[in-house]
Amino acid sequence: MDLDITDIGLKSLSNDELEEIVTIVDNKLELFLQNHKYWKLLTDFGVIVSLSQDSDNVLTLILDFDISGGLSSLHLDELQQEVYEYSQEALKEELLCRKNS
């Protein structure tokens, strides 16, 4: 997967702020999956989102997938890639909102 690093100029975030961001990204991912073209093929899904920040203020977004249903391995890979890309955009959007507020 491609790695896109963007410095938007935010300083260190508190643990509470990181948790708030995780909740927002998690909620957006759930809505994304519910509106996805493969939604009807999923029998169970779960995406655990975690976010950490190192001493240089670099954020690491980790997604842990637990998805089952009638998807081929190709469609499952496609869905995971789309979820990964969407979560990156949702994170970037939330960080920009925080910076601009």
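Scroll up a little and you will see the structure.
In this text the structure is predicted, and so the values were computed from the model without any measurement.

J.: I'd like to hear about the overall build of the protein, residue by residue, with values.
T.: Along the protein, the regular secondary structure elements total two helices and two strands. Taken from the N to the C terminus, the helices and strands of the protein come in the order α-β-β-α. With the principal axes as the frame, the protein shows a C-alpha extent of 45 × 25 × 20 Å. Each of the 101 residues in the protein was classed as buried or not, and the buried ones make up 27%.

J.: Please set out the pairing of strand β2 (residues 59-69) residue by residue, giving values where relevant.
T.: With eleven bridges joining them, strand β1 (residues 42-53) and β2 adopt antiparallel strand pairing. Bridge pairing in β2 links Val49 to Leu63. Linking two consecutive strands that pair antiparallel, namely β1 and β2, is a turn of five residues; a positive phi of about 65° is found at Asn57 within it.

J.: I'd like to hear about the packing of aromatic side chains, residue by residue, with values.
T.: Applying the stated criterion to the full structure yields two aromatic pairs. Each ring, one from Phe32 and one from Tyr86, has its centre 4.5 Å from the other, and the planes form 15°; the classification is stacked. In this pair, Phe32 is assigned in helix α1 (residues 15-34) and Tyr86 in helix α2 (residues 73-100), connecting sequence segments 54 residues apart. By relative accessible area, Tyr86 is classed as partly exposed at 30%.

J.: Let's hear about α2: which residues, and what values?
T.: An ideal rise of 1.5 Å per residue puts 40 Å on 28 residues; α2 measures up with 40 Å between its terminal C-alpha atoms. Among the residues making up α2, those that are buried are Leu79, Val83, Tyr84, Ser87, Ala90, Leu91, Glu94, Leu95 and Arg98. In the core, the buried residues of α2 are packed alongside α1, β1 and β2.

J.: Report on the environment of Asn35, specifying residues and quantitative values.
T.: Relative to the elements of secondary structure, Asn35 occurs in the loop between α1 and β1. The exposure class assigned to Asn35 is exposed, which follows from its relative accessible area of 67%. Of the polar contacts made by the side chain of Asn35, one reaches the backbone oxygen of Leu31; its length is 3.0 Å.

J.: Break down the nonpolar core for me, with residues and values.
T.: Counting residues in hydrophobic clusters, the biggest one holds 23 residues, and the most contacted among them are Val49, Leu63 and Leu79. Elements supplying a minimum of two residues to this core: α1, β1, β2 and α2. Dropping the residues within four chain positions of it, Leu63 is found in contact with Leu29, Val47, Ile48, Val49, Val83, Tyr84 and Ser87.

Calculation criteria
- Residues numbered from 1 in each chain as written.
- Predicted model: local features only at pLDDT ≥ 70, side-chain atom pairs only at ≥ 80, totals over all residues.
- Heavy atoms only, no water.
- Helix = DSSP H or I, 4+ residues; strand = E, 2+ residues; numbered from the N terminus.
- Buried < 20%, exposed > 50% of the residue type's maximum accessible area, 1.4 Å probe, protein only.
- Pairing = 2+ DSSP bridges.
- Phe/Tyr/Trp six-rings, centres within 6.5 Å; stacked < 30°, edge-to-face > 60°.
- Expected span 1.5 Å × (residues − 1).
- Contact = heavy atoms within 4.5 Å.
- Polar contact = N/O pair within 3.5 Å; in protein donor to acceptor, adjacent residues only side chain to side chain.
- Core = buried A, V, L, I, M, F, W, Y, C linked by side-chain atoms within 4.5 Å.

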